[in-house]
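Observations on the model geometry
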Amino acid sequence: MDFNLTEEHLMIQQAARDFAQNELLPGVIERDEKQIFPTEQVKKMGQLGFMGMMVDPKYGGSGLDAISYVIAMEEISKVDASASVVMSVNNSLVCWGLQEFGTEEQKQKYLPGLASGEIHGAFCLSEPEAGSDATSQKTTGIDMGDHYLVNGTKNWITNGNTASVYLVIVQTHPEKKHKGINALIMTKDMPGFSIGPKEQKMGIRGSDTHSLMFSDVKVPKENRIGEDGFGFKFAMKTLAGGRIGIASQALGIASGAYELALKYSKERKAFGTEICNHQAIAFKLADMAVNIEAARHLCMKAAWDKDQHKNYDVSGAMAKLFASQVAMDTAVEAVQIHGGNGYVKEYHVERFMRDAKITQIYEGTSEIQKIVISRSVIAG
């Protein structure tokens, strides 16, 4: 067991930290308040290699390991979770899915632009009646021979309006249930593809979340990922890796809130001394530090499993379940330590508290993670 980061990992950590502080922190409150998508910042993330971290260099990616991805996600999420979710979706759900399961033609066509940050992607699984129950896809893709005719609606799609490439899960053979599901590559310029209004969200307000509507959209057969009926497996395999990204985002939110709370506790005085000297506050900081360290180890273990080509379904689920709870608990306590100032936007922690909640919901709710974990435990 080696808990030391390599020199390369430390360089990635520093680069991500510098980018977050210099490029993301200025304007982060305004972007949150006005729901402004971080367009320029996302482009710069691409230029630094953060949008295609695990993509093979022959497709324009950084060719890095999953541990590097966790490290960068934590640092960027410490400052702006709205930017980090764009990075997470592009890396975990879009680039990885295409590289792992796409044809060579699909990889050549889409990965270079995605990995460079020139364009970014969206993963379209959730529907009005298919959130946690991903098997209940109502979006249909009728097989018309050389193309599919797609009709339906997708909900809560991150990068919904700003993306250029959409991986859309559709039901092509309803009689086969989940074995009749396919994943199709779509673009917004396809006739019949329309985008609904931007969602008014509690947190990650700078990210771009929309519903998508499809009305007789013709999608060429060559845009299908994998064999006929592979769509559900594709979604589950892709989401398993996505959970590592969201666990890392949650870890970053917790770390960011903790660092602000620790700093504030050393500056704010009450009853004649800095509040960190009061046991009530000191014990909160101790609990935060322990839980964040535990969450970090779970994230690293899941990333290591992935890098070693081991099954990471359970380790990823554990990381996401625990880290998302730590994010929520830490952010709430950070607000408490700040007292009245914690309720004020300029101190940032109220935003962390709002951002933290979604990590317990998207890419598999905490309840779904418990199902994954419990099934493994019971099966032995």
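Residues numbered from 1 in each chain as written. Predicted model: local features only at pLDDT ≥ 70, side-chain atom pairs only at ≥ 80, totals over all residues. Heavy atoms only, no water.

Convention followed: UniProt positions are given in the numbering used here, feature names are shortened, and annotations may be inferred rather than shown by experiment.
Labelled according to an unreviewed UniProt entry, the chain appears under the name Cyclohex-1-ene-1-carbonyl-CoA dehydrogenase, originating from Flavobacterium saccharophilum. In its Sequence similarities (unreviewed entry) section, UniProt records this for the chain: "Belongs to the acyl-CoA dehydrogenase family." Quoted verbatim from the Cofactor (unreviewed entry) field of UniProt, the annotation for the chain is "FAD".

Let's talk about the domain arrangement of the chain
Put simply, the rule reads: Start and end positions for the domains come from either an automated domain assignment or a database one. Computed with a 1.4 Å rolling probe, the buried area is the accessible surface lost when two parts are put together, summed over both parts. A pairing counts as a salt bridge when a side-chain nitrogen of Lys or Arg comes within 4 Å of a carboxyl oxygen of Asp or Glu.
On domain assignment, one finds that the chain holds domain 1 (7–120), domain 2 (122–228) and domain 3 (232–379). Counting the surface lost from both domain 1 and domain 3, the interface buries some 2400 Å², and carbon and sulfur atoms represent 66% of this. Contact with domain 3 buries surface across domain 1, with Val 70, Glu 74 and Lys 78 losing the most and accounting together for 23% of the total. Taking the shortest distance from any N to any O, the salt bridge between Arg 354 and Asp 32 comes out at 2.8 Å.

Quick look at the UniProt feature "domain: Acyl-CoA oxidase/dehydrogenase middle" (unreviewed entry) in the chain
The following threshold applies: Secondary structure elements follow DSSP: runs of H or I of four or more residues count as helices, runs of E of two or more count as strands, with numbering from the N terminus.
According to UniProt, the positions carrying the feature "domain: Acyl-CoA oxidase/dehydrogenase middle" (unreviewed entry) are residues 122–217. Its end C-alpha atoms 17 Å apart, residues 122–217 is made of 0% helix and 49% strand.

Describing the UniProt feature "domain: Acyl-CoA dehydrogenase/oxidase C-terminal" (unreviewed entry) in the chain
Look at the UniProt record and you will see "domain: Acyl-CoA dehydrogenase/oxidase C-terminal" (unreviewed entry) annotated at residues 231–377. Helix makes up 78% of residues 231–377 and strand 3%, whereas the separation of the span's terminal C-alpha atoms amounts to 27 Å.

Here's the deal with the pattern of salt bridges
Worth spelling out the cut-off: Think of it in three bands: with a 1.4 Å probe and only protein chains considered, a residue is buried below 20% of the maximum accessible area for its type, exposed above 50%, and partly exposed in between.
Within this structure, the stated rule accounts for 18 salt bridges. A salt bridge links Glu 30 to Lys 34; its shortest N-O distance comes to 3.1 Å. Pair noted here: Glu 30 and Lys 34 are both in helix H2 (residues 28–34), with a separation of 4 residues, about one helical turn. Glu 30 gets classed as partly exposed once you look at its relative accessible area, which sits at 41%. Among the salt bridges present, the one from Arg 354 reaches Glu 350, with a minimum N-O distance of 2.8 Å. Here Glu 350 and Arg 354 lie together in helix H10 (residues 349–358), a separation of 4 residues that amounts to about one turn. Overlapping salt bridges, with partners in common, bring together Arg 17, Glu 75, Lys 78 and Glu 259 in one network.

Remarks on the packing of aromatic side chains
Applied cut-off: Each Phe, Tyr or Trp ring, with Trp reduced to its six-membered ring, pairs with another whose centre is within 6.5 Å; inter-plane angles below 30 degrees give stacked pairs, above 60 give edge-to-face pairs, and intermediate values give tilted ones.
Inspection of the entire model under this criterion finds 9 aromatic pairs. Ring geometry for Trp 96 versus Phe 101: centroids 5.7 Å apart, planes at 85°, classification edge-to-face. Overall, Trp 96 belongs to the buried group, its relative accessible area being 13%. With a centroid separation of 6.4 Å and an interplanar angle of 40°, the aromatic rings of Phe 123 and Phe 234 are classed as tilted. Of this pair, Phe 123 sits in strand S1 (residues 121–124) while Phe 234 is found in helix H7 (residues 231–267), placing the two residues 111 residues apart along the sequence.

With respect to the pairing of S1
Counted only if it meets this: Following DSSP output, two strands are said to pair if at least two bridges run between them.
Side chains of S1 alternate between two faces, with Gly 121 and Phe 123 and Ala 122 and Cys 124 buried alike. Where S1 and strand S4 (residues 165–171) come together, 4 bridges link them in parallel fashion. Each bridged residue has a counterpart across the sheet, and for Ala 122 the counterpart in S4 is Tyr 166.

Details of the side chain of Lys 78
Stated formally: Pairs of N or O atoms are called polar contacts if they sit within 3.5 Å, as long as, within protein, a hydrogen donor faces a hydrogen acceptor (for residues adjacent in sequence, only side-chain-to-side-chain pairs). Contact criterion: two residues are considered in contact whenever any of their non-hydrogen atoms come within 4.5 Å of each other.
For Lys 78, the location among the structural elements is in the loop between helix H4 (66–77) and helix H5 (81–101). Under the relative-accessibility criterion, Lys 78 is labelled buried at 13%. A polar contact of 3.3 Å, which involves the side chain of Lys 78, links it to the side chain of Glu 75. Filtering out sequence-adjacent residues up to four positions away, Lys 78 remains in contact with Arg 17, Gly 252, Ser 255, Gly 256, Glu 259 and Phe 352.

Here we look at the environment of Lys 320
The topology assignment puts Lys 320 in helix H9 (residues 313–338). Take Lys 320: its relative accessible area is 1%, and that puts it in the buried class. When the C-alpha atoms of Lys 320 and Gly 272 are compared, they prove to be 41 Å apart, with 48 residues separating the residues in sequence. Beyond its immediate chain neighbours, meaning those up to four positions away, Lys 320 contacts Arg 243, Ile 246, Ala 247, Thr 359, Gln 360, Ile 361, Tyr 362, Glu 363, Gly 364 and Gln 369.

Comments concerning helix H8 (residues 279–307)
Rule in force here: Working rule for helices: expected span equals 1.5 Å times residues minus one.
With 29 residues, H8 extends 42 Å from end C-alpha to end C-alpha; this agrees with the ideal 42 Å at 1.5 Å per step. For H8, the set of buried residues is Ile 281, Leu 285, Met 288, Ile 292, Ala 295, Cys 299, Met 300, Ala 302, Ala 303, Asp 305 and Lys 306. Where H8 is buried, its residues contact H4, H5, H7 and H9. His 309 lies just past H8 and shows a positive phi near 60°.

Details of the nonpolar core
Inclusion rule: Among buried residues, the Ala, Val, Leu, Ile, Met, Phe, Trp, Tyr and Cys ones that are joined through side-chain atoms within 4.5 Å form a nonpolar core.
With 90 residues, the main nonpolar core has Met 45, Phe 50, Met 87, Leu 98 and Leu 167 as its most contacted residues. Among the elements that take part in this core, H7 stands out by supplying 16 residues, more than any other. Residue contacts for Met 87: discarding those within four places in its chain leaves Met 45, Phe 50, Met 51, Met 53, Tyr 69, Ala 72, Met 73 and Ile 76.

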